[in-house]
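A look at the structure
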Amino acid sequence: MRLDDENESGNVEDRRGASGGGMGRAGLGIGTLVLALAASYFLGVDPSVVLDLVSNSTSQAPQATQAHKPPANDEMARFVSKVLGSTETTWHTVFREGGGTYQEPKLVLFTGSTPTACGTGQTATGPFYCPLDQKVYIDLAFYRDLKERFHAPGEFAEAYVIAHEVGHHVQNLLGISAKVRTAQQHAGNTAKANALSVKLELQADCLAGVWGNRADSMKHIIEPGEIEQALTAASAIGDDQLQKQARGYAVPESFTHGSSEQRVRWFKRGMENGDMRQCDTFKAASL
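Residues numbered from 1 in each chain as written. Predicted model: local features only at pLDDT ≥ 70, side-chain atom pairs only at ≥ 80, totals over all residues. Heavy atoms only, no water.

The subject of this paragraph is the nonpolar core. Core analysis: the largest hydrophobic core is formed by 55 residues, its most contacted members being Trp-91, Leu-107, Tyr-143, Leu-146, Phe-156, Tyr-160 and Trp-211. When residues of this core are traced back to their parent elements, those giving at least two are helix 3 (75-97), strand 2 (106-109), strand 6 (135-138), helix 4 (141-148), helix 5 (155-173), helix 7 (190-219), helix 8 (226-236) and helix 10 (260-273). At nine residues, the largest contribution of residues to this core is made by helix 5. Not counting chain neighbours up to four residues away, the residues in contact with Leu-107 comprise Asn-11, Val-12, Glu-13, Val-80, Leu-84, Val-136, Ile-138 and Ile-162. Judged by nonpolar contacts, the second largest core, of seven residues, contains Val-108, Ala-117, Cys-130 and Tyr-137. (Core = buried A, V, L, I, M, F, W, Y, C linked by side-chain atoms within 4.5 Å. Buried < 20%, exposed > 50% of the residue type's maximum accessible area, 1.4 Å probe, protein only. Helix = DSSP H or I, 4+ residues; strand = E, 2+ residues; numbered from the N terminus. Contact = heavy atoms within 4.5 Å.)

We now examine the pattern of salt bridges. Counting across every chain of the model gives 11 salt bridges. The salt bridge involving Glu-13 is made with Lys-135; its shortest N-O contact spans 3.2 Å. Residue Glu-13 is located in strand 1 (residues 12-14), and its partner Lys-135 is located in strand 6; the two are separated by 122 residues in the primary sequence. Comparing Glu-13 with Lys-135, the two get one shared label, buried. For Asp-205, the salt bridge is made with Arg-263, and the minimal N-O distance between the two is 2.8 Å. You can see Asp-205 sitting in helix 7 and its partner Arg-263 sitting in helix 10, a full 58 residues away along the chain. Classification of Arg-263 by relative accessible area gives buried; the value is 2%. One connected set of salt bridges, linked through shared partners, spans Glu-8, Glu-75 and Arg-78. (Salt bridge = Lys/Arg side-chain N within 4 Å of Asp/Glu carboxyl O.)

Here we come to the packing of helix 6 (residues 176-185) against helix 7. It is the contact of helix 6 with helix 7, at a shortest axis distance of 9 Å, that shows an interaxial angle of 165°. Relative to helix 7, the element helix 6 lies roughly antiparallel. Relative to helix 7, helix 6 is oriented so that their crossing is left-handed. Taking contact as the criterion, the partners of Ile-176, Ser-177, Val-180, Ala-183 and Gln-184 in helix 6 are, on helix 7, Ala-193, Leu-196, Ser-197, Leu-200 and Gln-203. Of the residues assigned to the contact of helix 6 with helix 7, the class counts are six nonpolar, four polar and no charged. (Axes fitted to C-alpha atoms, helices over the stretch in contact; angles between N-to-C directions. Parallel < 35°, antiparallel > 145°, perpendicular 65-115°, else oblique. Left-handed = near helix turned anticlockwise from the far one by under 90°. Nonpolar A, V, L, I, M, F, W, Y, C, P; charged D, E, K, R; others polar.)

Of note, Asp-14 is situated in strand 1. A polar side-chain atom of Asp-14 sits 2.7 Å from a polar atom in the side chain of Arg-16. (Polar contact = N/O pair within 3.5 Å; in protein donor to acceptor, adjacent residues only side chain to side chain.)

What follows is about the environment of Leu-132. Mapped onto the elements, Leu-132 comes out in the loop between strand 5 (128-130) and strand 6. Considered as a pair, Leu-132 and Thr-116 are 16 residues apart in the sequence and their alpha carbons are 8.5 Å apart.

What follows is about the sheet that holds strand 2. Read across the sheet, four strands follow the order 1-2-6-5 without closing on themselves; strand pairing throughout is mixed. The sheet is open, and its two borders are formed by strand 1 and strand 5, each paired with just one other strand. With strand direction ignored, the average angle separating the axes of adjacent strands in the sheet is 25°. Pairing of strand 5 with strand 6, which is carried by three bridges, proceeds in the antiparallel orientation. Bridge pairing links Phe-128 to Tyr-137 in strand 6. (Pairing = 2+ DSSP bridges.)

The next point concerns helix 4. Of the residues making up helix 4, those classed as buried are Ala-141, Phe-142, Tyr-143 and Leu-146. Tucked inside the fold, the buried residues of helix 4 contact helix 3, strand 6, helix 5 and helix 8.

With that settled, the discussion passes to the state of the cysteines. Scanning the entire structure with this criterion turns up two disulfides. Between Cys-118 and Cys-130 runs a disulfide, and the two sulfur atoms are separated by 2.1 Å. Between Cys-118 and Cys-130 the disulfide shows an S-S torsion of about 90°. By sign, it is right-handed. Of this pair, Cys-118 sits in the loop between strand 3 (113-116) and strand 4 (119-122) while Cys-130 sits in strand 5, placing them 12 residues apart in sequence. Of the residues examined, Cys-118 reaches a relative accessible area of 4% and is grouped as buried. Two residues, Cys-206 and Cys-279, share a disulfide whose sulfurs are 2.0 Å apart. Around the S-S axis, the bridge from Cys-206 to Cys-279 shows a dihedral of about -70° and counts as left-handed. Of the two residues, Cys-206 is situated in helix 7 and Cys-279 in the segment after helix 10; the sequence distance between them amounts to 73 residues. By relative accessible area, which is 0% here, Cys-206 ends up buried. (Disulfide = S-S within 2.5 Å.)

Right under this line is the structure:
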């Protein structure tokens, strides 16, 4: 990726090396949290969504955790910061075009575990967005997994991961996430709740594509062949692929993020048109 001209975001918190702690959510026992994290690992679902499905309890503020700016010589942290900066430029522009104002999220680098307003974040859950504190959380070790476990190497693949989580932030700002959580609580069964989660996740994939389109149009950040890197990543972390890796077969009714084919299709949709109005998975005739 061509990020030399991209400004680093000032919204990166480096908690690496700080001790994790705090349950961060009232009324949930350790067994519930373990169940939520297990579901996150095997199904690829945002842990905050799992916890919202099993409890309506109010959240507590996470315990204070020491955070600082990443070291200037940390190339991976600088890369993440520049990608986040690119998303900020893009979404400020998109929101301004629609007559709104974009509120920038924070991105937290951590190792092992860290307290969040959505519960204790764990490396095993992969990157995730917490709508309660408007922060994206990522253990950079995930990029090693992306390359070695999921066979999806490349800088644009890594950038796609961040752009997807920022897509959830956009959904949160627009009130979409809250509506989905309310609908899930009244869904009546897990399959219907999962179907809503799939639509939310595929929309975030499409919004990641919108960022890619807009950022490349403004600053030509994508090099030849890199779009395929993101498509490979989207395919590799489809629910069908993850479930087959975990247990040898897929159960579509339990999908929470969408199949590999769906994730690729919606990312490409955003990437090709750069128009977030084309990302309405909730009104789509088919996913």
